[in-house]
Amino acid sequence: RPYKGTVHEIIKNILKGNKVNNILFKWKHSSGEIRDAEGRVRLLKKGEKPLYMVCVVRDITEQMQAIDILKESEAKFRSYIENAPDGIFIADRNGKYIEVNKAAIKMTGYSKKELMDMSVPDLVPEEYHNNITEKLKELIKYGRVSYQRKFYTKSKQEKHWHVDGVLLPNKK
């Protein structure tokens, strides 16, 4: 966790005997370029008398640029999912929804919060629950599944879906 504070506050903390890690700051390189850096500071004492402050600083410009690129890519991907015209439902291996987009909310009539408390069988008639369980097993086994199914909106209106499921890598 980056330390935030003024130089005066940092020195004051160090003189109190505190270790100050992860000081993030910008610095001007000899080329004139503004770079990102991370520093750690320790106070060396002889007895109780402070002798030196030792600073270790490393250039983290490339690391910060990579983080910015990753954040931009994640935001772009999230925008694609959120604004897709088709309903996107992301469920865990037990069929519990962990993410849905705006189109999924619109087509079901449920709020995002309501859908997050639901699982795949909650949207289909009970007569299809065994079939849904089989489709989830098929998805896990083959990595893909495609089928058509009747479902009910929040207002109990009957609709029909064409479902294309893809197994995503499990990163959790």
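Residues numbered from 1 in each chain as written. Predicted model: local features only at pLDDT ≥ 70, side-chain atom pairs only at ≥ 80, totals over all residues. Heavy atoms only, no water.

## Here we look at the overall build of the protein chain
And step 1. Counting its secondary structure elements, the protein chain contains five helices and seven strands.
And step 2. Sequence-ordered secondary structure for the protein chain, helices as α and strands as β, is α-β-β-β-α-β-β-α-α-α-β-β.
And step 3. Whereas a compact globule of 172 residues would reach a radius of gyration of roughly 16 Å, the protein chain reaches 27 Å, over 25% beyond that.
And step 4. A separation of at least 24 residues holds for 23% of the contacts in the protein chain among residues at least 6 apart in sequence.
And step 5. With the model as given, the accessible surface of the protein chain reaches about 12,800 Å², and the carbon-plus-sulfur share is 54%. (Helix = DSSP H or I, 4+ residues; strand = E, 2+ residues; numbered from the N terminus. Rg over C-alpha atoms; globule rule 2.2 N^0.38 Å. Contact = heavy atoms within 4.5 Å. Areas by Shrake-Rupley, 256 points an atom, 1.4 Å probe, with all protein chains shown as cover.)

## Topic: unusual backbone geometry
And step 1. One non-glycine residue, lysine 156, lies in the positive phi region at around 70°.
And step 2. The topology assignment puts lysine 156 in the loop between strand E6 (144-152) and strand E7 (158-166).

## Overview of the sheet that holds strand E3 (residues 49-59)
And step 1. The sheet built from three strands is open, its strands ordered E1-E2-E3 with antiparallel pairing. Taken across any chain shown, the strands that pair with only one partner, and hence form the sheet edges, are strand E1 (20-28) and E3. On average, adjacent strands in this sheet sit at an angle of 35° to one another, irrespective of strand direction.
And step 2. Bridge count for E1 against strand E2 (residues 34-46) is seven bridges, and the pairing is antiparallel. Counted as the bridge partner of leucine 24 is glutamate 38 from E2. (Pairing = 2+ DSSP bridges. Axes fitted to C-alpha atoms, helices over the stretch in contact; angles between N-to-C directions.)

Just geometry here; none of it tells us what the structure is for.
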